[in-house]
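Observations on the three-dimensional arrangement
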Amino acid sequence: MSRVYLNGEYLPKDGATISVDDRGFLLSDGLYEVTPAYRGRLFRMEQHMRRLQHGLAVLRIEYDLSGLPEMHDRLISDNGLEAEDVAIVYLQITRGVAQRTHHFPPAGTRPTVYAFAQAFHRPGEARWARGYEAITVPDRRWARVDIKSIGLLPNVLAQQAAVDAGVEDALFVKDGVALEGSHNNVFAVLDGVVTTHPATHAILHGISREYVIELARAQGLPVEERPVLLDEMRGADEIFFTGTTTEVRPTVRLDGEPVGNGKVGPVARALYEAFKEGTRAAAVAS
Ligand code: PDD
């Protein structure tokens, strides 16, 4: 059985329980992070912690993050994941356990901190090379989706719509703009320019998104961060999603229509190869 972390303790998952008064359970009053580890080495942990720190500050949840890297490392080793090509650590911090009120609980209420680690299985090369499909869904989320809130109901419904449609990804669209996926960011290649929505309040500032932008620039590809209209997306040479549990995933059909020539394009291919190589190198170097 996997071992998890809960409020300072490392426990078998079966032994980890939380109160029904937890504000995460009652009110979705909390945040989460998902950090990848390549061959047991956490990748871009500082960036993940910076994003978490920002979210905690906005929500005014007080928690000292300094012990989290060590805790993540321990979960990876306690679960025998050091040799996995890719593993992920899921971390959740809620405002803690208190009698239900909409306003904050009394000062001194301790946040609930829970984490688990598990292997992540990359798709095989042949599967990836066939490409993936996506549908568009209206974005009815709140106005601060840069905060990695555990309140994910619109994301759940969007991803279920994708599953119901027999496709892999759901693309949120608001006011004609293609923003991001239900659990990943989105890029379009438009006349050779690698284009993605700017890191505003309207998208999550994906750590993979940032990394892929760096990889594209390092390859000399032009990159532009600007809102992309859905109409432009539909005419893109290529579309791909990025994320911790997505890496780089090319979309060959959007709403049933082929993207570009309907095949995985060279930019997605080059960036996926660079992504795999970069994370492999980081695992060896650190
Ligand atoms: N999802 N956009 C949304 C809405 C997300 O939920 C995520 C991550 C991303 C990509 O962020 P990153 O590159 O830092 O993983 C973009 C995580 C993996 C999840 O919900 O499981």
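Look above for the structure.
As a starting point, this report considers the structure included with it. (Residues numbered from 1 in each chain as written. Predicted model: local features only at pLDDT ≥ 70, side-chain atom pairs only at ≥ 80, totals over all residues. Heavy atoms only, no water.)

Here we look at the packing of aromatic side chains
- In this structure the tally under the stated criterion is nine aromatic pairs.
- Plain terms: the ring middles of Tyr5 and Tyr10 are 5.3 Å apart, the flat faces sit at 70 degrees to each other, and that makes the pair edge-to-face.
- Given the relative accessible area of 11%, Tyr5 is considered buried.
- Centre to centre, the rings of Phe43 and Tyr211 are 5.1 Å apart; their planes meet at 70 degrees, and the pair counts as edge-to-face. In this pair, Phe43 is assigned in the loop between strand 4 (41-42) and helix 2 (45-59) and Tyr211 in helix 6 (residues 207-218), connecting sequence segments 168 residues apart. (Phe/Tyr/Trp six-rings, centres within 6.5 Å; stacked < 30°, edge-to-face > 60°. Buried < 20%, exposed > 50% of the residue type's maximum accessible area, 1.4 Å probe, protein only. Helix = DSSP H or I, 4+ residues; strand = E, 2+ residues; numbered from the N terminus.)

Describing the packing of helix 6 against helix 8 (residues 266-285)
- Relative to each other, helix 6 and helix 8 sit at 105 degrees, their axes nearing to 10 Å. Relative to helix 8, helix 6 is oriented roughly perpendicular. Contact residues: Ser208, Tyr211, Val212, Leu215 and Ala216 in helix 6; Leu271, Ala274, Phe275, Gly278 and Thr279 in helix 8.
- Taken together, the residues of the contact of helix 6 with helix 8 sort by class into seven nonpolar, three polar and no charged. (Axes fitted to C-alpha atoms, helices over the stretch in contact; angles between N-to-C directions. Parallel < 35°, antiparallel > 145°, perpendicular 65-115°, else oblique. Contact = heavy atoms within 4.5 Å. Nonpolar A, V, L, I, M, F, W, Y, C, P; charged D, E, K, R; others polar.)

What to know about a nonpolar patch on the surface
- Taken together, the side chains of Ile18, Val20 and Phe25 define a hydrophobic patch exposed on the protein surface, amounting to about 340 Å² of accessible area.
- You can see Ile18 is positioned in the loop between strand 2 (9-12) and helix 1 (23-27).
- Overall, the relative accessible area of 48% leaves Ile18 in the partly exposed class. (Patch = residues over 30% accessible without salt bridge, like charges linked within 9 Å, V, L, I, M, F, W, Y side chains within 5 Å. Areas by Shrake-Rupley, 256 points an atom, 1.4 Å probe, with all protein chains shown as cover. Salt bridge = Lys/Arg side-chain N within 4 Å of Asp/Glu carboxyl O.)

Considering the environment of Arg217
- Secondary-structure assignment places Arg217 in helix 6.
- With a relative accessible area of 48%, Arg217 lands in the partly exposed category.
- In the structure, Arg217 is positioned 23 residues away from Val194 in sequence and 9.3 Å away in space, judged by C-alpha atoms.
- Filtering out sequence-adjacent residues up to four positions away, Arg217 remains in contact with Val223 and Glu225.

Some details on the site of the ligand
- Of all residues adjacent to the ligand, which total 19 residues, the nearest are Tyr32, Glu180, Ile207, Ser208 and Thr244.
- Lys148 has a polar side-chain atom sitting 3.3 Å from a nitrogen atom of the ligand.
- Contact with the protein chains removes 91% of the 480 Å² of surface that the ligand exposes when unbound.
- Its residues placed into classes, the shell around the ligand shows four nonpolar, eleven polar and four charged. (Near = heavy atom within 4 Å. Polar contact = N/O pair within 3.5 Å; in protein donor to acceptor, adjacent residues only side chain to side chain.)

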